[in-house]
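Residue-level structural notes
Take a look at the letters that make up each chain.
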Amino acid sequence: MDDTRVETTGRRGGPGTPGPLTRAGADRSGRAAEPGRAQGDLTDVRRDSAGGTEAESHQVGSVLVESSPVGPVVTPPEPTGLVVLFLHGDRQLSGTPDPVLLGPAERLALRTGAVVVCPRYRSSFPGALDDVHAVYDSCRARGPVALAGERLGAGLAASLLVRLRDMGAAAPQCAVLGSALLDLTLDAPSLLFNAAADPAFDLDELRLRASLYAAGAEPTNPLLSPLHANLHGLPPVQLLVAGTDPLLDDSLGFAARAARSGVVVDLRVSEDAERMRAGAVTAMAGFIRAWTRSAGSSRPA
């Protein structure tokens, strides 16, 4: 069987049992942006952040890709009003979207009719979370928002869900987490058992980069490692992962804990990374369309 799908339907809505704000939450204090930090102004993506000059844009098939103060913005030919905040991830845990990674964002825009925002963010905690939170707030001014992310970006998306819940702020309609890095303690068995399936995976390198990203924070901090967070009251979450992924256990553990907390969970485990990548955008788009059509409902449309 190429793909294993487990869907659990729990309660949606309500703040659940929020936990206290952590240090990262306290950093939402309006301090001045640091160099490289995403700016939250999406009112005119055709103006750059420096002097109001015309920003770079180019057509990719039928979608328009424009630069903006926060990062690339992908607009489909007939936008529906939905915004997808797409948080990239890479092996270097860096905060700058790789142009190669825009391919999934472009396909997602076409399949959902959403404007897809691909923000830059700082390369360490808690600044990275502050940055994506600021962009999320700006996206909400444009319309309903869904979150999507890959690897570290998926972990940031989950952390943002937890922070918004703790603050009593409006949550996105849903979130999709692909091959998610959700636990920076890096003690999951799959990191060892599945390492041979990915020749490019280097656990020692991941440990080094994770330590730099954590910037001295405890690895079990729930806003750094959302696998350790209270997950009650989160919006519907889809998790996409390969059975051979070194990060497999992060997705399995998060799905189980979220389901026990009454969260709607759609867990899809593909046979290998190639099959997961081939079907990822289709799965993401279907989940996002279902939950944005039925905002406020307890079941997909």
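Please refer to the structure placed before this passage.
Attention in this report is confined to the structure presented alongside it. Just so we're clear, the structure is a prediction, and the values are computed from it rather than from any experiment.

This next bit is on helix α8 (residues 273–293). Here α8 is 21 residues long and its end C-alpha atoms lie 30 Å apart, about the 30 Å a rise of 1.5 Å per residue gives. Along α8, the largest kink reaches about 45° and is centred on Gly-279. For α8, every residue scored as buried is listed here: Met-276, Ala-280, Val-281, Ala-283, Met-284, Ala-285, Phe-287, Ile-288, Ala-290 and Trp-291. Against β5 (83–87), α2 (102–112), β7 (145–150), β8 (175–178), β9 (237–242) and β10 (265–270) lie the buried residues of α8.

On to unusual backbone geometry. Along the chain, Phe-125 connects to Pro-126 via a cis peptide bond; the corresponding omega equals 5°. The backbone phi angle of Ser-179 is positive, close to 45°, even though this residue is not glycine. Examined against the element boundaries, Ser-179 turns out to sit in the loop between β8 and α5 (190–193).

This brings us to the packing of α2 against α8. Remark: α2 packs on α8, axes separated minimally by 9 Å, with the N-to-C direction vectors making an angle of 40°. It follows from the interaxial angle that α2 and α8 lie oblique. Judged by the twist between their axes, the crossing of α2 over α8 is right-handed. In contact with Pro-104, Arg-107, Leu-108, Arg-111 and Thr-112 of α2, α8 contributes Val-281, Thr-282, Met-284, Ala-285, Ile-288 and Arg-289. Residues belonging to the contact of α2 with α8 are distributed by class as follows: 6 nonpolar, 2 polar and 3 charged.

A side chain with one charge may pair with a side chain of the opposite charge, provided their charged atoms come close. Per the counting criterion, the structure on display carries 7 salt bridges. Notably, a salt bridge pairs Arg-163 with Asp-130, separated by 2.9 Å at the nearest N-O pair. Linking Arg-163 in helix α4 (residues 152–167) with Asp-130 in helix α3 (residues 127–140), this pair joins segments that are 33 residues apart in sequence. Note that Arg-275 and Asp-272 form a salt bridge whose closest N and O atoms lie 2.6 Å from each other.

Take Ala-157: it is sitting in helix α4. On the basis of relative accessibility, which here comes to 0%, the residue Ala-157 falls in the buried class. Separated by 25 residues in sequence, Ala-157 and Leu-182 place their C-alpha atoms 9.8 Å apart. Residue contacts for Ala-157: discarding those within four places in its chain leaves Leu-87, Leu-147 and Leu-177.

Next up on the list: the pairing of strand β2 (residues 57–60). Two strands pair when backbone bridges link them, and β2 and strand β3 (residues 63–66) are joined in this way by 4 bridges, in the antiparallel orientation. Its bridge partner being in β3, Ser-57 is matched across the sheet by Glu-66.

Time to look at the environment of Asp-183. Relative to the assigned elements, Asp-183 resides in the loop between β8 and α5. According to the relative accessible area criterion, Asp-183 is buried, its value standing at 6%. Each C-alpha atom of the pair Asp-183 and Leu-227 lies 5.7 Å from the other, and the pair is 44 residues apart in sequence.

A separate point is empty space enclosed by the protein. Tallied over the full model, the rule gives 2 cavities of 30 Å³ or more. In this structure, the largest cavity occupies an estimated 50 Å³ of space. Along its surface, the largest cavity is lined by Leu-152, Gly-155, Leu-156, Ser-159, Leu-181, Leu-184, Tyr-213, Leu-223, Leu-224 and Pro-226. Per-element accounting of the lining of the largest cavity gives the leading share, 4 residues, to α4.

Quick notes on the rules
Residues numbered from 1 in each chain as written. Predicted model: local features only at pLDDT ≥ 70, side-chain atom pairs only at ≥ 80, totals over all residues. Heavy atoms only, no water. Helix = DSSP H or I, 4+ residues; strand = E, 2+ residues; numbered from the N terminus. Expected span 1.5 Å × (residues − 1). Bend = angle between axes of the 7 residues up to and from the residue. Buried < 20%, exposed > 50% of the residue type's maximum accessible area, 1.4 Å probe, protein only. Contact = heavy atoms within 4.5 Å. Axes fitted to C-alpha atoms, helices over the stretch in contact; angles between N-to-C directions. Parallel < 35°, antiparallel > 145°, perpendicular 65-115°, else oblique. Left-handed = near helix turned anticlockwise from the far one by under 90°. Nonpolar A, V, L, I, M, F, W, Y, C, P; charged D, E, K, R; others polar. Salt bridge = Lys/Arg side-chain N within 4 Å of Asp/Glu carboxyl O. Pairing = 2+ DSSP bridges. 1 Å grid on protein atoms, 1.4 Å probe; cavity = no way out; pocket = protein on both sides within 12 Å on 5 of 7 lines; lining within 4 Å. Points joined across faces, edges and corners; volume = space filled by probe spheres on them.

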